[in-house]
Amino acid sequence: EHASGRLVLARDRLGIKPLYLDQTPARLRFASSLPALLAGGGTDTSLDPVALACYLTFHSIVPPPRTILNGVKKLPPATVRVVEPDGTWTEHTYWTPAFTRDPAQAGWSERDWQEALLDSLRVAVDRRMVADVPVGVLLSGGIDSSLVVALLAEAGQHDLKTFSIGFEASGGERGDEFEYSSLVAQRFGTDHHRIMIDDSRLLPGVDATIAAMSEPMVSHDCVAFYLLSQEVSQHVKVVQSGQGADEVLAGYDWYPPLADVPRDQAAEAYRSVFMDRRWPALQGLLGERWKSDDDTPSAFVDRQFARPGAETSVDAALRSDTTIMLVDDPVKRVDNMTMAWGLEARVPFLDH
């Protein structure tokens, strides 16, 4: 506000869009990408050893408010920060998803759940069709994105553009899922684009992908999303994707083993299946200047799992994955890589 000199910063409920901060006693700068902050100059780009420990244990995730850089913080999801003219600030969380069981749904059948899910998804997909430009779909051929296409077709969407990516076969492994995406495109009559990426584009794509990252990311599919976005951006400016369904619907392989774990053992069970390496093992890999004094990653998981409201081990894991892992791994990857090409990716499975 110009009159009061007060600054209000806010982030969306599930952290689908990032918000980075570079605050010193003399100034505050903010941007939706970390490279934009660095371009202004004067940012402390030294590595934060605690963030490094999180990154190397916690599956490449640095939970907010930290980033890998000492001089840059990130606003947590569903958070409003009010900064006063003298630089002091207050912060509050405006939305917290409930991970408790609703007694009213205790007697629901499998069909009841299916219909409720479809009703919610219809609303979510419909909301994301509001645009001044045509909206496409990133169609992998998997269940999640195929369901988005099916619901759009059901809603009467005509001339829907769908996009799939494929790579050359390597080591006896197929590099594409065109067989499935083509079946879905044919079934619903979409304008389907099968984008085949030549191997010669992969190595140059790695450098360009890293340049587009706001924070270090570990997954190889960053390159695929970057190259896919490059092609898709030539056809549409907005796409829907199936991102987030694995977190919302418990699609990962570490959920079933947690089903039989007592709630008071959930945090340790989660760490044992989710962390790439444990903090004590990490200390033997790091030089002295990068070692951290405390097992911050384990303490973070303990705090997450100790919060009230998730009665079972699976509920607690889903809460952690939806509010932390999802935000700072898959959603961030897709947002960074699509926005590098001016492409807006919308995620109906993550509608609140």
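Above this text is the structure in question.
Residues numbered from 1 in each chain as written. Predicted model: local features only at pLDDT ≥ 70, side-chain atom pairs only at ≥ 80, totals over all residues. Heavy atoms only, no water.

Visitor: Looking at this structure, I do not really get the sheet that holds strand E3 (residues 27-31). What am I missing?
Guide: Adjacent strands of a sheet form backbone hydrogen bonds with each other and so pair up, either parallel or antiparallel. The strand order across the open sheet built from 3 strands is E3-E2-E4, with neighbouring strands paired in antiparallel fashion. Across the chains shown, the open sheet's two edge strands, defined by having one partner strand only, are E3 and strand E4 (73-74). In terms of strand pairing, strand E2 (residues 20-24) meets E4 through 2 bridges, oriented antiparallel. Bridging from a neighbouring strand, Tyr 20 pairs with Lys 74 of E4. (Pairing = 2+ DSSP bridges. Helix = DSSP H or I, 4+ residues; strand = E, 2+ residues; numbered from the N terminus.)

Visitor: Mind showing me how you'd approach empty space enclosed by the protein here?
Guide: Within the structure shown, the criterion is met by 2 cavities of 30 Å³ or more. Broken down by secondary-structure element, the contributors of at least two residues to the lining of the largest cavity are helix H13 (313-328) and helix H14 (330-339). Take the lining of the largest cavity: its biggest share by element is 3 residues, from H14. Taken together, the residues of the lining of the largest cavity break down into 6 nonpolar, 1 polar and 7 charged. Of the pockets and cavities examined, the second largest cavity occupies roughly 50 Å³. Lining the second largest cavity are Ile 16, Val 331, Val 334, Asp 335, Ala 345 and Val 347. Among the residues forming the lining of the second largest cavity, the class breakdown is 5 nonpolar, no polar and 1 charged. (1 Å grid on protein atoms, 1.4 Å probe; cavity = no way out; pocket = protein on both sides within 12 Å on 5 of 7 lines; lining within 4 Å. Points joined across faces, edges and corners; volume = space filled by probe spheres on them. Nonpolar A, V, L, I, M, F, W, Y, C, P; charged D, E, K, R; others polar.)

Visitor: Would you mind going over the pattern of salt bridges with me for this structure?
Guide: Once their charged atoms are close, side chains differing in charge can pair, the charge on each being opposite to the other. Summed over all chains, the structure comprises 26 salt bridges. One salt bridge connects Asp 302 with Arg 271, and the closest N-O pair in it is separated by 3.0 Å. On the criterion of sequence distance, the pair formed by Asp 302 in helix H12 (residues 296-306) and Arg 271 in helix H10 (residues 266-274) is long-range, its members being 31 residues apart. On the accessibility criterion, Asp 302 (38% relative accessible area) is partly exposed. Residue classification places Arg 271 among the buried residues on the basis of a relative accessible area of 6%. Salt-bridge contacts for Lys 332 lead to Asp 328; the nearest nitrogen and oxygen are separated by 3.0 Å. You'll find Lys 332 and Asp 328 in the same group, each marked buried. One network of salt bridges, in which partners are shared, links Lys 74, Glu 215, Asp 328 and Lys 332. (Salt bridge = Lys/Arg side-chain N within 4 Å of Asp/Glu carboxyl O. Buried < 20%, exposed > 50% of the residue type's maximum accessible area, 1.4 Å probe, protein only.)

Visitor: Quick question: what am I supposed to make of the environment of Trp 108 here?
Guide: Summarising the element assignment, Trp 108 is placed in the loop between strand E6 (89-93) and helix H3 (110-127). Apart from residues no more than four positions distant in its own chain, Trp 108 is found in contact with Trp 113 and Ala 116. (Contact = heavy atoms within 4.5 Å.)

Visitor: When you look at the packing of helix H6 (residues 202-212) against helix H7 (residues 221-232) in this model, what are you seeing that I'm missing?
Guide: To describe two helices that pack against each other, one gives the angle between their axes and the distance between the axes. Close contact between H6 and H7 brings their axes to 9 Å; oriented N to C, the two are set at 95°. It follows that H6 is roughly perpendicular to H7 by the angle criterion. Every residue of H7 that contacts H6 at Leu 202, Gly 205, Val 206, Ala 208, Thr 209 and Ala 212 is listed here: Cys 222, Val 223, Tyr 226 and Leu 227. Class assignment for the residues of the contact of H6 with H7 results in 8 nonpolar, 2 polar and no charged. (Axes fitted to C-alpha atoms, helices over the stretch in contact; angles between N-to-C directions. Parallel < 35°, antiparallel > 145°, perpendicular 65-115°, else oblique.)

Visitor: Explain a nonpolar patch on the surface to me, please; I cannot follow it from the model alone.
Guide: A contiguous nonpolar patch, built from Leu 117, Val 248 and Leu 249 and spanning about 220 Å² of accessible area, is present on the exposed surface. Here Val 248 is to be found in helix H8 (residues 245-248). (Patch = residues over 30% accessible without salt bridge, like charges linked within 9 Å, V, L, I, M, F, W, Y side chains within 5 Å. Areas by Shrake-Rupley, 256 points an atom, 1.4 Å probe, with all protein chains shown as cover.)

Visitor: Looking at this structure, how should I read the pairing of strand E9 (residues 191-197)?
Guide: Along a regular strand, successive side chains alternate from one face of the sheet to the other. Looking at chain direction, strand E8 (residues 161-167) and E9 are connected through 7 bridges and run parallel. Pairing of Gly 166 across the sheet is with Met 196, part of E9. The parallel pair E8 and E9 is bridged by helix H5 (residues 178-188), and the resulting crossover is right-handed. (Right-handed = clockwise from strand over helix to strand, strands pointing away.)

Visitor: What should I look at first to understand the side chain of Ser 292 in this one?
Guide: Assignment of secondary structure puts Ser 292 in the loop between helix H11 (279-283) and H12. According to the relative accessible area criterion, Ser 292 is buried, its value standing at 9%. At 3.1 Å, the side chain of Ser 292 forms a polar contact with the side chain of Trp 279. Residues in contact with Ser 292, not counting those within four places in the same chain, are Pro 49, Ala 53, Trp 279 and Gln 283. (Polar contact = N/O pair within 3.5 Å; in protein donor to acceptor, adjacent residues only side chain to side chain.)

Visitor: Would you mind going over the sheet that holds strand E11 (residues 344-346) with me for this structure?
Guide: Reading across the sheet, the 5 strands line up as E9-E8-E7-E10-E11 and stay open at both edges, with parallel pairing between neighbours. Since the sheet does not close on itself, it has two edges, and those belong to E9 and E11, each with one partner. Each strand of the sheet is rotated relative to its neighbour by a mean of 30°, with strand direction disregarded. Sitting on the sheet, H5 touches E8 and E9, and the angle it makes with E9 is about 165°.

Visitor: How should I be thinking about the packing of aromatic side chains in this particular structure?
Guide: Working definition: an aromatic ring pair is given by the centre-to-centre distance plus the angle between the planes. Using the criterion set out here, one finds 10 aromatic pairs in the structure. Between Tyr 270 and Phe 305, the ring centres sit 5.1 Å apart and the planes meet at 45°, which makes this aromatic pair tilted. In this pair, Tyr 270 sits in helix H10 while Phe 305 sits in helix H12, placing the two residues 35 residues apart along the sequence. Exposure class is identical for Tyr 270 and Phe 305. Each is buried. Grouped by ring-pair contacts, the aromatic residues Phe 58, Tyr 252, Trp 254, Tyr 255, Tyr 270, Phe 274, Phe 300 and Phe 305 constitute a single cluster. The side chain of Arg 81 reaches across the aromatic face of Trp 89, ending 3.7 Å from its centre. The ring of Phe 188 has Arg 187 sitting right over it, with the charged end atom 4.9 Å from the ring centre. (Phe/Tyr/Trp six-rings, centres within 6.5 Å; stacked < 30°, edge-to-face > 60°. Lys NZ or Arg CZ within 6 Å of the ring centre and 35° of its normal.)

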